[in-house]
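# Close look at the chain arrangement
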Amino acid sequence: MKPPADARSGGGEPLLRVEGLSKTFHDRRLFSRAGGAGVRAVDSVSFSLAAGETLGVVGETGSGKSTLGRLVLRLVEPSAGRIRFNGEDITALSQRQLRRMRQQVQMIFQDPYGSLDPRMSVGAIVAEPMIVHGLWHGGRDDRVLEVMRQVGLQAEHRNRYPHEFSGGQRQRIGIARAMALQPKLLVLDEPVSALDVSIQAQIINLLRELQQQADLGFLFIAHDLAVVRHVSNRVAVMYLGEIVEIGPRDALYSSPMHPYTVSLLSAVPVPTVDRERGRDRVVLHGEIGSATNLPSGCRFHPRCYKARLKAENPDVETVESQGERLPAACVLHQPRPVDAGDGHVAICHFPERGGDRSEVAVRAVESSRGAG
Amino acid sequence: MSDGAVLAVRDLSTVFPSEAGPVTTVDGVSFSLGAGETLAVVGESGSGKTMTFLSVLRLVPPPGRVTGGEVLLEGADIAALPASEMRWIRGAGIAMVFQDPLTALNPVFTIGDQMLEVIRAHTAMSPRQARALALEVLERVHIPAPAKRIDDYPHQLSGGMRQRVLIAMAIALRPKVLIADEPTTALDVTVQAQILELLAELRSELGMGMVLITHDLGLVARYADRVAVMYAGRVVETSPIAQGFGRSRHPYTRSLFRSIPRLDLPADQPLTVIAGQPPDLARLPAGCAFEPRCFLGNGREDCRSERPALLPTTSDRHLSACPHWRALIDAEAGA
Ligand SMILES: Nc1ncnc2c1ncn2[C@@H]1O[C@H](COP(=O)(O)OP(=O)(O)OP(=O)(O)O)[C@@H](O)[C@H]1O
Ligand SMILES: Nc1ncnc2c1ncn2[C@@H]1O[C@H](COP(=O)(O)OP(=O)(O)OP(=O)(O)O)[C@@H](O)[C@H]1O
Ligand code: SF4
Ligand code: SF4
Ligand SMILES: [Mg+2]
Ligand SMILES: [Mg+2]
């Protein structure tokens, strides 16, 4: 929600640095079917986040966004990788040692209904984290009221219960609770997805103000690309547990390199008639992928338009896959990161860049920006 | 406008009793839908979108009750039909794909069982014929290998597939009108695009009238011919997409537009906030329901005292329930 923070993160340690972070869930019931391989919900994810910066995370359902958020808070134990917060390695800290970190990292959930205890008054909900962290030495009422005011709730709301509030107000209560401990980092998991459009803007603007006041870092998870673009400095695109593309916001939206990013951009409806009507969209092949049964090679190959375009090129070696011919590289080999500079990285054998940029990618960007 | 309309609704109202007195959730709603036309219905949560069409189908949950209005299907009033005939209309006349695809299918029966039940309730087909029809429509909604899928249970299908099955069930009897209530809200953008392309294709193939209930204005722009905007149980604006969309003549629609982040606008452009909270239907103001939040009317005496009617603006296809709509155009011209 500020100018791209690359320059800011230049010196010293970023607020958050994640390296090779992975999580495999072993659901006992899966053993018979998946041979114990488990669900690779998050697979070797690396990124960093500076104070005052927002990293947006997008991707379809099941791509591992929430698991990533929970890993950062260590609400879920990583299977591999490191998490550094403020320069300190917190991967191996015991739950007791984590307490201090937990004050500084808070999470806000999608569902403003489910995430608040219905039997507690708003005042008690906001005060609870302070009590839990031993920061409640009587007379902190003023702090409760201050936080409530900060998020736009009124003093008289403190004695009311969550069911007496609308969705947007409940989300404010959740934000007040998270802000009570003056955190440095907020993990926001779909914070506005459940809200009405008219209320979304209120909450987005509120988050922006809070961030500016306290130089907060935001890990902002959402599936709405327009919302993410609006709030982020940098954006990471996840597909089946991997970050397939990450980069500064404007670079990612104006020159997406990964075919999955292109497909997402192409699918977003733009509310302007003349533009919307003439638009070709990349309708993806197949259904959402499954993390229990990852495709070989590039995990996007069963749905990728670029692989199919490339397969028509006689110079590209192809192999048979599910009844069609696709580039051997895509089907057999895990792609490596391609760096376009400025921290803009994608993992793809045939990234959409330079002379290899397909017509599909050009049109997807033009039309998403209303220039088509 | 109801001449030639496949579905015409006039002055439809539905009331729920509550502790705070009767609550009018559908308040004198009128619209019409032509064959092969798509009408989008937008508005915030609780504005009455779903309830309007439950009222059309006479499926309002008790103690709610339709208290008045006409519903003409191909010119014949169905509002007074006996329950048995109404059951027939639902499916063969007007079919609805409900808001929540995950709960709309019964988990203990296969897809085929559920489709056959619907088909046989409405036709004289033998089980064998009904199964052939079920396979045909599953194929039509692009379910791969329908002969294998038809014996699956709902949990064996992805969300996108389940939504396709529901659409298949809805079109099996070739209804005149298909009502799709937030058909893609629970789905990802990429799957969303697939489902909407499918609906658009079916609409033109089968010549159905389609109602698309959504809060995604982007979908409206792409798929609808006309839009009706609802607020607090009423239609406050209706216009053909080509003329009116984005050039709205109601302050609520205007605000709605400016409050959403859009890929086609500069990223740093601040979002306009619609002040205040959604209306409480049990305590509506005497005048315009939008008045407490309206940038144009807020405080105006007539806005507070008179409830505005939905009236033609510059054309009789573009209606607005704001008597001050001209001010929006003037502001535009001045800007
Ligand atoms: N506790 C768990 N046990 C087993 N599998 C899990 C668990 N939590 C998540 N998963 C699986 O991990 C994968 C990633 O799930 P996750 O909730 O992180 O996705 P997401 O990107 O947040 O999706 P959504 O957009 O639907 O919220 C999915 O396949 C999911 O089924
Ligand atoms: N079973 C019910 N009993 C009483 N009131 C109800 C019932 N179902 C809905 N309502 C009320 O009727 C009004 C209209 O609801 P409706 O479901 O039509 O809204 P909607 O516009 O479809 O909203 P959404 O976008 O959330 O689906 C709301 O105020 C709602 O609270
Ligand atoms: S590596 Fe191949 S299949 Fe994967 S995204 Fe790139 S082009 Fe598509
Ligand atoms: S009637 Fe008045 S309050 Fe209602 S929308 Fe028009 S200007 Fe606003
Ligand atoms: Mg999630
Ligand atoms: Mg509804």
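Residues numbered from 1 in each chain as written. Chains lettered and ligands numbered in written order. Predicted model: local features only at pLDDT ≥ 70, side-chain atom pairs only at ≥ 80, totals over all residues. Heavy atoms only, no water.

Here the focus is the sheet that holds strand β4 (residues 65–73) of chain B. Residues and elements named next belong to chain B. In space, the 4 strands of this open sheet follow the order β2-β1-β4-β5, with antiparallel pairing throughout. In this open sheet, the two edge strands, each paired with only one partner strand, are β2 (23–34) and β5 (76–77). Here 2 bridges tie β4 to β5, and the two strands are oriented antiparallel to one another. Looking at β5, one finds that Leu72 is bridged to Asp77. (Pairing = 2+ DSSP bridges. Helix = DSSP H or I, 4+ residues; strand = E, 2+ residues; numbered from the N terminus.)

Each partner contributes residues to the interface: chain A has 44 residues there, and chain B has 48 residues. Carbon and sulfur atoms make up 57% of the surface buried where chain A meets chain B, a total of about 3800 Å² over both sides. Of the residues that constitute the side of chain A that touches chain B, the class distribution is 19 nonpolar, 13 polar and 12 charged. (Contact = heavy atoms within 4.5 Å. Buried area = accessible area lost by both parts, 1.4 Å probe. Nonpolar A, V, L, I, M, F, W, Y, C, P; charged D, E, K, R; others polar.)

Next up on the list: the pairing of β4(B). All names here are of chain B. Taken together, the 7 bridges between strand β1 (residues 5–16) and β4 define a ladder with antiparallel strand orientation. Paired with Ala8 across the bridge in β4 is Leu72. Connecting the antiparallel pair β4 and β5 is a turn made up of 2 residues, with Glu74 showing a positive phi of about 45°.

Per-residue confidence for chain B gives a mean pLDDT of 88; residues scoring 70 or more make up 96%. Scoring the predicted complex yields pTM 0.85 and, for the interface, ipTM 0.76. (pLDDT = per-residue confidence, 0-100.)

For ligand 3, the full set of nearby residues is His258(A), Pro259(A), Cys298(A), Phe300(A), His301(A), Cys304(A), Lys306(A), Ala307(A), Cys330(A), Cys348(A), His349(A) and Phe350(A). A breakdown of the residues in the shell around ligand 3 according to their chemical character gives 8 nonpolar, 3 polar and 1 charged. (Near = heavy atom within 4 Å.)

Take the sheet that holds strand β8 (residues 217–221) of chain A next. Residue and element names in this part refer to chain A. Across the sheet, 8 strands lie side by side as β6-β7-β8-β3-β9-β10-β14-β13; this open sheet has mixed pairing. Single-partner strands in this sheet number two, and they are β6 (105–108) and β13 (337–339). On average, each strand axis in the sheet is tilted by 20° relative to the strand beside it, whichever way the strands run. Note: strand β10 (residues 242–248) against strand β14 (residues 345–347), 2 bridges, orientation antiparallel. Paired with Glu245 across the strands is Ala346, a residue of β14. The sheet strands contacting helix α6 (residues 167–179) are β6 and β7 (185–189), and the helix crosses β6 at an angle near 170°. Against the sheet, helix α10 (residues 259–267) contacts β9 (234–239) and β10, and its axis sits at roughly 100° relative to β9. (Axes fitted to C-alpha atoms, helices over the stretch in contact; angles between N-to-C directions.)

As a further point, take the pattern of salt bridges. All names here are of chain A. Using the criterion set out here, one finds 32 salt bridges over all chains in the structure. The salt bridge involving Asp141 is made with Arg158; its shortest N-O contact spans 3.4 Å. With a gap of 17 residues between them, Asp141 in helix α5 (residues 141–150) and Arg158 in the loop between α5 and α6 connect regions that are remote in the sequence. According to the relative accessible area criterion, Arg158 is partly exposed, its value standing at 21%. A salt bridge links Lys306 to Glu352; its shortest N-O distance comes to 3.2 Å. With Lys306 in helix α12 (residues 305–311) and Glu352 in the loop between β14 and α14 (359–368), the pair connects residues that are 46 residues apart, well separated along the chain. Residue Lys306 shares its accessibility class with Glu352, and that shared class is buried. A network of salt bridges, in which partner residues are shared, links Arg40, Asp43, Glu242 and Arg299. (Salt bridge = Lys/Arg side-chain N within 4 Å of Asp/Glu carboxyl O. Buried < 20%, exposed > 50% of the residue type's maximum accessible area, 1.4 Å probe, protein only.)

So, on to the site of ligand 2. Residues and elements named next belong to chain B. Near ligand 2, the surroundings consist of 13 residues, among which Ser45, Gly46, Lys49, Thr50 and Met51 are the closest. In this structure, an oxygen atom belonging to ligand 2 sits 2.5 Å away from a side-chain N or O atom of Ser45. Thr50 has a polar side-chain atom sitting 2.7 Å from an oxygen atom of ligand 2. Taken by itself ligand 2 offers 640 Å² of open surface, and the protein chains cover 65% of this. In terms of residues, the shell around ligand 2 owes the most to one element, helix α1 (residues 49–56), which gives 3 residues. (Polar contact = N/O pair within 3.5 Å; in protein donor to acceptor, adjacent residues only side chain to side chain. Areas by Shrake-Rupley, 256 points an atom, 1.4 Å probe, with all protein chains shown as cover.)

Residue Pro62(B) is joined to Pro63(B) through a cis peptide bond whose omega torsion reads 10°. Positive phi is not limited to glycine here, since Glu190(A) has a value of about 50°. One can find Glu190(A) in the loop between β7 and α7 (197–214). According to the relative accessible area criterion, Glu190(A) is buried, its value standing at 8%. For Asp342(A), which is not glycine, the phi dihedral falls at a positive 65°. Take Asp342(A): it is sitting in the loop between β13 and β14.

The next thing to look at is α6(A). Residue and element names in this part refer to chain A. A rise of 1.5 Å per residue sets the reference length of α6, with its 13 residues, at 18 Å; its end C-alpha atoms lie 18 Å apart and thus fit the reference within 8%. Counted residue by residue, α6 has 12 buried out of 13 residues, so it is predominantly covered. Buried residues of α6: Gly167, Gly168, Gln169, Arg170, Gln171, Arg172, Ile173, Gly174, Ile175, Ala176, Ala178 and Met179, and no others. Contacts from the buried residues of α6 go to β6, α4 (122–132), α5, β7 and α7. (Expected span 1.5 Å × (residues − 1).)

Turning our attention to the nonpolar core. The biggest cluster of nonpolar side chains holds 74 residues, and the ones touching the most others in it are Val126(A), Ile175(A), Leu186(A) and Tyr253(A). Considering each element in turn, this core owes the most residues, 7 residues, to α7(A). If you look at the next biggest cluster of nonpolar residues, it comprises 40 residues, including Ile119(B), Ile143(B), Ala172(B) and Met210(B). (Core = buried A, V, L, I, M, F, W, Y, C linked by side-chain atoms within 4.5 Å.)

Turning next to the domain arrangement of chain B. Residue and element names in this part refer to chain B. Partitioning chain B into domains gives domain 1 (1–93 + 174–262 + 271–335) and domain 2 (108–172). Using only C-alpha atoms to locate each centre, domain 1 and domain 2 end up separated by 30 Å. Taken together, the contacts link 20 residues of domain 1 with 12 residues of domain 2. Across the interface of domain 1 and domain 2, roughly 1300 Å² is buried in total on both sides, 61% from carbon and sulfur atoms. (Domains from an automatic or database assignment.)

This paragraph deals with the side chain of Lys65(A). Assignment of secondary structure puts Lys65(A) in helix α2 (residues 65–72). The charged side chain of Lys65(A) is buried without a salt bridge, its nearest counter-charge being Glu190(A) at 4.6 Å. (Lys, Arg positive; Asp, Glu negative; His and termini not counted.)

This part covers the domain arrangement of chain A. How large an interface is tends to be reported as the accessible area lost when its parts come together. Residue and element names in this part refer to chain A. Taken as a whole, chain A is organised into domain 1 (16–249) and domain 2 (255–371). Between domain 1 and domain 2, the contact holds 20 residues from the first and 26 residues from the second. Roughly 2000 Å² of surface becomes buried between domain 1 and domain 2 when both sides are summed, with 61% attributable to carbon and sulfur atoms. Here domain 1 is connected to domain 2 by 3 salt bridges. Where Glu60 meets Arg303, a salt bridge forms, and the shortest distance between an N and an O atom there is 2.9 Å. On inspection of domain 1 and its partner domain 2, the count reaches 12 residue pairs in polar contact (both at pLDDT 80 or more).

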